[in-house]
Amino acid sequence: MADPTEITTRGAWGPGFWAKFVATGLLLAVVVPVLNLGISPNSFAAVPDYIVPLLGKYVCYAILALSLDLIWGYAGILSLGQGAFFALGGYCMGMYLMRQIGTRGVYQNPILPDFMVFLQYKELPWFWYGFDHFTWTLLMIVLVPGALAFIFGWLAFRSRVSGVYLSIITQAMTYALLLAFFRNDMGFGGNNGLTDYKDILGWDVHSPATRLGLYVASVLGLGAAYLICRYVTRSKLGRVLLALRDAESRVRFLGYSVTNAKLLVFTLSAVLAGIAGALYVPQVGIINPSEFSPGNSIEVAIWVSVGGRGTLVGAAIGAVLVNLGKTWLTGAFPESWLFVLGALFVVTTLIFPRGVVGLVHQLRWLRPRGESAPTPVEDKPIAAEEQA
Amino acid sequence: MAARLLRQALVSLAALVLLLAVVVPARADDFANLVTSLASDTFAEKEQAIVALGNFGDARAVTILLALSDDRLRTGPNNEVLIVGSDDPSKLTDAVTGAPVKGIAPDSLTRVIVNNRLRGRIEAALGGLTLFSPDRNTRFAAARDALKHPSSEGTARLQKALAAEIDPEVRGAMQTSLLAAQLMSGTKDEQLAAIKGLSGVTDPQIKNLLDEFRAKPDLDPEVKMAADAAAASIDQRLRLVGIVANLFQGLSLGSVLLLAAIGLAITFGVMGVINMAHGEMIMVGAYVAYVVQEFFRAFLPPGWIDAYLVVAVPVAFLFAGLLGVILERTLIRFLYGRPLETLLATWGVSLIMQQAVRSVFGSPNKEVSNPSWMTGGFDPIGGFTVTWNRLYIIFFCFAVLGVLALILNRTSFGLHMRAVTQNRPMAAAMGIRAARIDALTFGLGSGIAGMAGVALSQIGNVSPNLGQIYIVDSFLVVVFGGVGNLLGTLVGALSLGVVNKLLEPVAGAILGKIVVLVVIILFIQRRPRGLFALRGRTAET
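Computed from a prediction, not measured in an experiment: that's the story for all the values here. (Residues numbered from 1 in each chain as written. Chains lettered and ligands numbered in written order. Predicted model: local features only at pLDDT ≥ 70, side-chain atom pairs only at ≥ 80, totals over all residues.)

Undergrad: Provide a residue-level description of the overall build of chain A, including the pertinent values.
TA: Within chain A one finds 15 helices and 4 strands. Taking 388 residues into account, the globule formula puts the C-alpha radius of gyration at 21 Å, and chain A, at 21 Å, falls close to it. Along the first, second and third principal axes, the C-alpha set of chain A runs to 65 × 55 × 40 Å. The buried share of chain A, taken over its 388 residues, is 45%. (Helix = DSSP H or I, 4+ residues; strand = E, 2+ residues; numbered from the N terminus. Rg over C-alpha atoms; globule rule 2.2 N^0.38 Å. Buried ≥ 20, exposed ≤ 12 C-beta atoms within 10 Å, placed from the backbone.)

What follows is the structure, given as structure tokens:
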């Protein structure tokens, strides 16, 4: 069981942490751009242009994984609809990018995106208003996933839907959104989604410089998301979350509002996922309903598992590792990817429930003095034992 | 489409007609004269000839009229009418006798010219002619087709055809078409009689025809009133049929959901194991049906093929059940009490199974055909067809549910199973081998999923993604109905199916489904334990 001393706030914000945090940040946000732009493309260490958006994609996935680890690792809420919040954030950004195309579309309509002209829309649907302004878009990227999570979470946590039931209804939620966004008359481009972007804030989305900029923005986003998650989990709220993960009824009897704590962290997590989606879309150049598919959301859970649940760092590492493997395998042995992914699900849950980070920490000599250990996660709550 | 089919039927009929032509030379002179006048100089004369040929009732005219409409009719040097072969333009046959003609230079032939008005006449005449075809299906199609262009000539032809017809179904169609023709072009009395006759029919086509008729100006008020009443009564019946059809489709969808969910009700409902690979067990069952079918095709006499389904059901049960036992022994038993991890691990298993099936069988859909006793359907009240495969699946699903209820409540295995799931240490203390019961229970749930797969192979595509289609739905059914409760699963599945299909005409297929999903999500908030929540001590575990 979780030893409370392991998550003591002492040392959480000490110089040791900041040194590592800044070093990782510099490596990702400065060294990569320098290797991309600063040295000859033929050099051994050079990062070619096509790698940059790929790295940017991984960083976005890392933010998404962080957002899931925050609720799953610390509050025991396994959301199988995390991809839905990611996709909603992505759609908000996609709508902004569509409005930026202007008359450069195939039909050259100054207001309507191509697919609307094609589907014979006469005017812009009301929910597209404002998406030509970047600030409005930023606001929506936060508000839309946040509001959905707030309403959904309020309904669910208030009536104490938890555990597997919550997982199943979050899955049903993303499935319903998948079906909805596939419809042409929803006004989001149906099956094809939103694509053919031209520029963002006046910069060409296809130019290597913009892509590098987006990559750096994603890294900064990851850093901010990590700090937020770390702050939340090391705060008093974080300890309440851990407690309710392990014994929900006991926390409730002690007078804490379980509903409010869960709701707060669930909404925060959805906002982070939305931001990840918004950073993701300009780098991959398309958003379509398949991002809502239940399979995608479950995959996020495996990133977190592989990296190590309840460790934050592990979630980010897991997202990058699994996706590196995916990129390599789907290219080299396309047939084998699903076997590997399936095996990852089985092996990590069965043999390495603490993931990569847990494995590293088990090798004692690598563990620095004073740094907090990953919180061991057991699915079996005390509450269940009490009730039995 | 229908016109094309009719046309194909006509062409094949033409060959038969050529034979008949030799055997039945009766009134050959009249016929020959009419054929010759097809090649007249004016369109008016041609038109007369076409109508006359149509009413003549000689099936030989089919070939000639088809050739005329296809621009393949020629006149030779001696004014004889010739047909140019459709695939070989150099082959000529005499239109009247059907005998091959040789030795005529191509440049001595004159085309018989047709215009669109004539083509319309030809089509109507052909429709009438095929009423006399020796082939029952062609006659039936022609009788249905006559409904589309009711006319006074049609009346005469239909009366003539009706007099000779013996097949009751064809007679029915002919009578309906005859009434329609009388309605559109008959006297007042005929019209009234026709309206009376038509008001008992349930056919959207008749309804359209009546509407068209009612929209005519200067109708006799009495006739109009009768027509209005008839239209109203047809409307009402159509609405009723629509509801019945929706209910049946809903029941059918519900039974499919139920089949997919019964196995889950065992593994998730009774054992509490979240098996995300459940859908893949269904998929495996469907592939078993495919393999058994191919085995029958390859190794057994062709007459036995209809039995493949009967063999496939137990084979699928055993195969999927065995897979389930293996899965439980090698993976799931290590994860009891950790539902979220079970969910992830079994999701991994489902990915592996999908890819394995894809590697063995390939991604394209496999064709599993209905045995002959499951093809087609019947029309109980007119206007919609109950297909046999869906009806059998409804029966099958209730049979499975019934047998399962018996196993759970009446056998010692069922008793042990309930004991283990309710209180494992106590059951073990009483001498029940809990681990063995776990494996068998999981195998039972998986085996039922396999049988569901065989059933689903009869109404849908068999592809590696088959299981994914049902997994979200079947979990919702189990949760909605109340976990650990077969009755709840039954009510949950059927009500979801029926509600879904009743919403479809109002909201559209996809929107209807979204509405149902949202309603279930909201429902689970209200009653987290489902429709039929277990009460008491068992509910707490």
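Undergrad: Report on the overall build of chain B, specifying residues and quantitative values.
TA: Scanning chain B for helices and strands turns up 21 helices and 7 strands. Whereas a compact globule of 541 residues would reach a radius of gyration of roughly 24 Å, chain B reaches 32 Å, over 25% beyond that. With the C-alpha coordinates aligned to their principal axes, the bounding extent of chain B is approximately 105 × 60 × 35 Å. Every one of the 541 residues in chain B was classed for burial, and the buried ones make up 45%. Taking all contacts inside chain B whose residues are at least 6 apart in sequence as the whole, residues at least 24 apart take part in 72%. (Contact = placed C-beta atoms within 7 Å.)

Undergrad: Talk me through the interface of chain A and chain B; I want residue IDs and the actual numbers.
TA: Contacts between the two partners involve 42 residues from chain A and, on the opposite side, 37 residues from chain B. Going through the elements one at a time, helix H5 (134-158), helix H6 (163-182), helix H11 (294-307) and helix H13 (337-350) of chain A are the ones with two or more residues in the side of chain A that touches chain B. Sorting elements by how many residues they give to the side of chain A that touches chain B places H6 of chain A first, with 14 residues. A per-class count over the side of chain A that touches chain B returns 29 nonpolar, 8 polar and 5 charged. (Nonpolar A, V, L, I, M, F, W, Y, C, P; charged D, E, K, R; others polar.)

Undergrad: Could you give me a rundown of the domain arrangement of chain B, with the residues and numbers involved?
TA: All names here are of chain B. Looking at chain B, the domain boundaries give domain 1 (2-145), domain 2 (210-240) and domain 3 (241-540). Between domain 2 and domain 3, the residue contacts involve 4 residues of the former and 5 residues of the latter. Residue composition of the side of domain 2 that touches domain 3, by class: 2 nonpolar, no polar and 2 charged. (Domains from an automatic or database assignment.)

Undergrad: Provide a residue-level description of unusual backbone geometry, including the pertinent values.
TA: Residues and elements named next belong to chain A. Of note, Arg160 is a non-glycine position whose phi angle comes to about 60°, a positive value. Mapped onto the elements, Arg160 comes out in the loop between H5 and H6. The phi torsion at Leu312 lies on the positive side, around 60°, for a residue other than glycine. Among the secondary structure elements, Leu312 is positioned in the loop between H11 and helix H12 (313-332).

Undergrad: Before we move on, can you summarise helix H2 (residues 51-75) of chain A with the specific residues and values?
TA: Residue and element names in this part refer to chain A. With 25 residues, H2 extends 35 Å from end C-alpha to end C-alpha; this agrees with the ideal 36 Å at 1.5 Å per step. Along H2, the largest kink reaches about 30° and is centred on Asp69. Here H2 lies mainly inside the structure; 22 of its 25 residues are buried. Phi turns positive one or two residues past the end of H2, at Gly76, with a value near 70°. (Expected span 1.5 Å × (residues − 1). Bend = angle between axes of the 7 residues up to and from the residue.)

Undergrad: Help me get a handle on the sheet that holds strand E4 (residues 100-101) of chain B, residues and values and all.
TA: Within a sheet, adjacent strands bond to each other through the backbone by hydrogen bonds, running parallel or antiparallel. Residue and element names in this part refer to chain B. Strand order in the open sheet made by the 5 strands is E4-E3-E2-E1-E5, with antiparallel pairing throughout. Of all strands in the sheet, those bounded by a partner on one side alone are E4 and strand E5 (110-111). Direction of pairing for strand E2 (residues 81-84) relative to strand E3 (residues 92-94): antiparallel, over a ladder of 3 bridges. Within E3, the residue paired with Val84 across the bridge is Leu92. (Pairing = 2+ DSSP bridges.)

Undergrad: Explain the pairing of E2 of chain B to me, using residue names and the numbers behind them.
TA: Residue and element names in this part refer to chain B. Here 3 bridges tie strand E1 (residues 73-75) to E2, and the two strands are oriented antiparallel to one another. When the sheet's bridge partners are listed, Leu73 is paired in E2 with Ile83. Adjacent in sequence and paired antiparallel, E1 and E2 are bridged by 5 residues, among which Asn79 carries a positive phi angle near 65°.

Undergrad: Account for the packing of H6 of chain A against helix H19 (residues 466-481) of chain B, naming residues and giving values.
TA: Relative orientation of the contacting elements H6 of chain A and H19 of chain B amounts to 135°, with a least axis distance of 10 Å. As judged from the angle between their axes, H6 of chain A and H19 of chain B are oblique. Relative to H19 of chain B, H6 of chain A is oriented so that their crossing is left-handed. Residues Tyr165, Ile168, Gln171, Ala172 and Tyr175 of chain A of H6 of chain A form the contact with H19 of chain B, whose own contacting residues are Val472, Phe475, Leu476 and Val479 of chain B. In terms of residue class, the contact of H6 of chain A with H19 of chain B is made up of 8 nonpolar, 1 polar and no charged. (Axes fitted to C-alpha atoms, helices over the stretch in contact; angles between N-to-C directions. Parallel < 35°, antiparallel > 145°, perpendicular 65-115°, else oblique. Left-handed = near helix turned anticlockwise from the far one by under 90°.)

Undergrad: Could you give an account of the nonpolar core, with specific residues and numbers?
TA: The biggest cluster of nonpolar side chains holds 203 residues, and the ones touching the most others in it are Ile63, Leu64, Ala65, Leu66 and Ala172 of chain A. It is H2 of chain A that provides the largest number of residues to this core, a total of 17 residues. Core analysis: the second largest hydrophobic core is formed by 61 residues, Val81, Leu198, Ile206 and Ile234 of chain B among them. (Core = buried A, V, L, I, M, F, W, Y, C linked by C-beta atoms within 7 Å.)

Undergrad: Before we move on, could you go through helix H8 (residues 236-246) of chain A and cite the residues and values that matter?
TA: Buried within H8 of chain A are the following residues: Gly238, Val240, Leu241, Leu242, Ala243, Leu244 and Arg245 of chain A. Packed against the buried residues of H8 of chain A are H2, helix H7 (208-234), helix H9 (248-253) and helix H10 (258-284) of chain A.

Undergrad: How would you explain the confidence of the model for chain A if you had to name every residue and give the values?
TA: Residue and element names in this part refer to chain A. The pLDDT averaged across chain A works out to 86; a share of 91% of its residues lies at or above 70. Throughout residues 1-6 the model reports pLDDT below 50, and contacts reaching past four residues in sequence, or to other chains, amount to 9 contacts. Counted against residues more than four places away or in other chains, residues 370-388, with its pLDDT under 50, gives 46 contacts. (pLDDT = per-residue confidence, 0-100.)

Undergrad: For the packing of H2 of chain A against H10 of chain A, give the residues involved together with the corresponding values.
TA: Residues and elements named next belong to chain A. At their nearest, the axes of H2 and H10 sit 9 Å apart, and the two run at 170° to each other. For the element pair H2 / H10, the angle class is roughly antiparallel. Of H10, the residues touching H2 (which contributes Pro53, Gly56, Lys57, Cys60, Ile63, Leu64, Leu66, Ser67, Leu68, Leu70, Ile71 and Ala75) are Lys262, Val265, Phe266, Ser269, Leu272, Ala273, Ile275, Ala276, Leu279, Tyr280, Gln283 and Val284. Here the residues of the contact of H2 with H10 are counted per class, giving 18 nonpolar, 4 polar and 2 charged.

Undergrad: Outline the environment of Ser40 of chain A, listing residues and values.
TA: Examined against the element boundaries, Ser40 of chain A turns out to sit in the loop between helix H1 (15-38) and H2. The exposed category is assigned to Ser40 of chain A, around which 8 C-beta atoms lie within 10 Å.

Undergrad: Describe the confidence of the model for chain B, listing the residues and the values that go with them.
TA: Residues and elements named next belong to chain B. For chain B, per-residue confidence averages 81 on the pLDDT scale, and residues scoring 70 or more make up 91% of the total. The element-level mean pLDDT for chain B is lowest in helix H1 (residues 2-23), coming to 52, with helix H13 (residues 308-330) highest at 94. Contacts for the low-pLDDT stretch residues 15-26, under 50 throughout, to residues beyond four places or in other chains number 12 contacts. Here residues 536-541 scores under 50 on pLDDT; set against residues more than four positions off or in separate chains, the count is 6 contacts. In the predicted assembly, ipTM is 0.82 and pTM is 0.75.

Undergrad: Could you give an account of the environment of Gly213 of chain A, naming the residues involved and the relevant values?
TA: All names here are of chain A. By secondary structure assignment, the location of Gly213 is in helix H7. Overall, Gly213 belongs to the partly exposed group, with 18 C-beta atoms counted inside 10 Å. On a C-alpha basis, the gap between Gly213 and Val52 in space is 9.7 Å, while along the polypeptide they are 161 residues apart.

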